[in-house]
Amino acid sequence: METVYIAHVGEHEGKEVEIRGWLYNKRSSGSVVFLIVRDGTGFIQAVVAKGQVPEEGFAACDRLTQESSLVVRGAVRADRRAPGGYEILVSAVEPVSIAEEYPISLKEHGVDFLMDHRHLWLRTPRQVAIMRVRNEIVKAIRDFLDDREFVLVDAPILTPSACEGTTTLFETDYFDTRAYLTQSGQLYMEAAAMAFGKVYCFGPTFRAEKSKTRRHLMEFWMVEPEMAWVDLDGDMRLQEEMVSYVVQRVLEERAKDLATIERDTSKLEKVKPPFPRISYDEAVEILRRHGVEFEWGNDFGGGDETILAEEFDRPVFVHRYPTVCKAFYMKPDPNRADVCLSADLLAPEGYGEIIGGGQRIDDADLLARRVEEHRLPAEAYRWYMDLRRYGSCPHSGFGLGIERTVAWICGLDHVRETIPFPRLLNRIYP
RNA sequence: UCCCUGGUAGCUCAAUGGUAGAGCGGCCGGCUGUUAACCGGUAGGUUGCAGGUUCGAGUCCUGCCCGGGGAGCCA
């Protein structure tokens, strides 16, 4: 008899199979017991009829509690009444481990309770679907970049200095000196781009900001491509192609999971290049037209981003931000020194900024001035300055936040459900 | 850090200042096609903590603790 995953039972119609999994739910009509079994790939109803299984197997069903692990064997049968299209006519039931009273019921629960039980919450159909979509997004990003001859270069997680500022870093002791958990791999990717041409890193990043919103995690994952000999326009072209590719691939490969989450996919289907591009100045005009009092030079807030995104049916680029509100390494627009060659990508439906990127300063003298202006420790950036001393060239890149992208594609109202074990303000358990 | 809001059974929630309750889950029993099954029975409480007002506080007041939503900052 073959042991199969529930996702593949349809390939064994009429045959006896073995399924190993956990009891999701149980219903009974006296001498017929319905076991709803899950195995991580899907759910299936196993029908246990008295007289058709050994007496001890039927009696075992009585002892099976929610989330007990078990093995069932039986014939696969197509049934119109079954949600997955198939059910198992059980010939044998073997409890493996009887679960204690399970805290998570099939009814509703509050956020606090679920977060405290994240290790168990992860088993529920909705969470499984979200994590499978996340997995597909990660795979799609990597396939997209690998197919275009980008080289994956891992950036360090322990770093000697801040990438963009010192207020938001987690600090740790590094023998007798200080080290910080990385907030971005970008500076290292600039070094790698000079070695390989086109590179990206993919890993966790950390921000110690005391942010408590639906868009923030203390620990989140970013993919950060960096390209030598590419300007801001080329940077944006790559971004819109990548984001479109990822969305279309999730629509193709994970339609079932999106249905489980009850995502309205009609809005995702429109996500195809080209994406609209507006300048910061145009964005400010749009905001003012909507009655927002906005001062030139400020960065946009969450509400502002939503207003801007609602003007379009797909993600929108906002480019050429004021130099004052962006990081020290952003290259000034040669035609206008007060704005820089940066671009953020705002997701539709109020999900906000999912990408921040731009063209980097390639001139050694200007970069040195900026390090000084931002009062950064020159010593710590000496290696970074070297990149402009030894064959500098125009280069650009961007960082895409995985969790915000997952939240947008899944249509979730909080990023805490987009990562297996979220680290939130004042919450590091489990 | 600031603003708003909440904390009652394992969970989700009721309870006009006047006897702390329901559904789900648990346990016991019933039912041969159930779809968060259903039906009957049953156990389960320091109402977040500490004070105060009152004849009487889950309810009103003060302080603290913890959660949720939002702002700033950001991806």
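Draft legend 1. A look at the sheet that holds strand E11 (residues 198-206). Overall, mixed pairing links the eight strands, which are arranged E7-E11-E12-E19-E18-E17-E14-E13 in an open sheet. The open sheet is flanked by strand E7 (151-152) and strand E13 (277-279), the only strands paired with a single partner. Here E13 runs beside strand E14 (residues 316-319); their pairing, made up of three bridges, is parallel. The residue bridging Ile278 from the neighbouring strand is Val318, located in E14. Relative to strand E19 (residues 395-401), helix H6 (residues 232-253) is tilted by about 30°, and along the sheet it contacts strand E12 (219-228), E13, E14, strand E17 (342-347), strand E18 (352-359) and E19.

Draft legend 2. Spatial organisation of the protein's contact with RNA strand B. Taken together, 43 residues are adjacent to RNA strand B, and Asn25, Arg27, Leu106, Arg214 and Arg404 come closest. By atom count, sugar and phosphate contribute 47% of the portion of RNA strand B lying within 4 Å of the protein. The side chain of Arg27 places a nitrogen or oxygen atom 2.3 Å from a phosphate oxygen of RNA strand B. Within the backbone of Glu353, one N or O atom sits 2.6 Å away from a sugar or linking oxygen of RNA strand B. Within the residue set of the surface near RNA strand B, elements represented by two or more residues are strand E2 (16-28), strand E3 (32-38), helix H2 (111-116), E12 and E18.

Draft legend 3. Seen up close, the packing of aromatic side chains. In this structure the tally under the stated criterion is 16 aromatic pairs. Ring geometry for Tyr280 and Tyr321: centres 5.5 Å apart, planes at 50°, overall tilted. Of this pair, Tyr280 sits in helix H9 (residues 280-289) while Tyr321 sits in the loop between E14 and strand E15 (332-333), and the two are 41 residues apart along the sequence. Its relative accessible area of 0% is what places Tyr280 among the buried residues. Given the relative accessible area of 1%, Tyr321 is considered buried. Of the aromatic side chains, those joined through ring pairs into one cluster are Tyr188, Phe328, Tyr329, Tyr381, Trp383 and Tyr384.

What counts, and where the lines are drawn
- Residues numbered from 1 in each chain as written.
- Chains lettered and ligands numbered in written order.
- Predicted model: local features only at pLDDT ≥ 70, side-chain atom pairs only at ≥ 80, totals over all residues.
- Heavy atoms only, no water.
- Pairing = 2+ DSSP bridges.
- Helix = DSSP H or I, 4+ residues; strand = E, 2+ residues; numbered from the N terminus.
- Contact = heavy atoms within 4.5 Å.
- Axes fitted to C-alpha atoms, helices over the stretch in contact; angles between N-to-C directions.
- Near = heavy atom within 4 Å.
- Polar contact = N/O pair within 3.5 Å; in protein donor to acceptor, adjacent residues only side chain to side chain.
- Phe/Tyr/Trp six-rings, centres within 6.5 Å; stacked < 30°, edge-to-face > 60°.
- Buried < 20%, exposed > 50% of the residue type's maximum accessible area, 1.4 Å probe, protein only.

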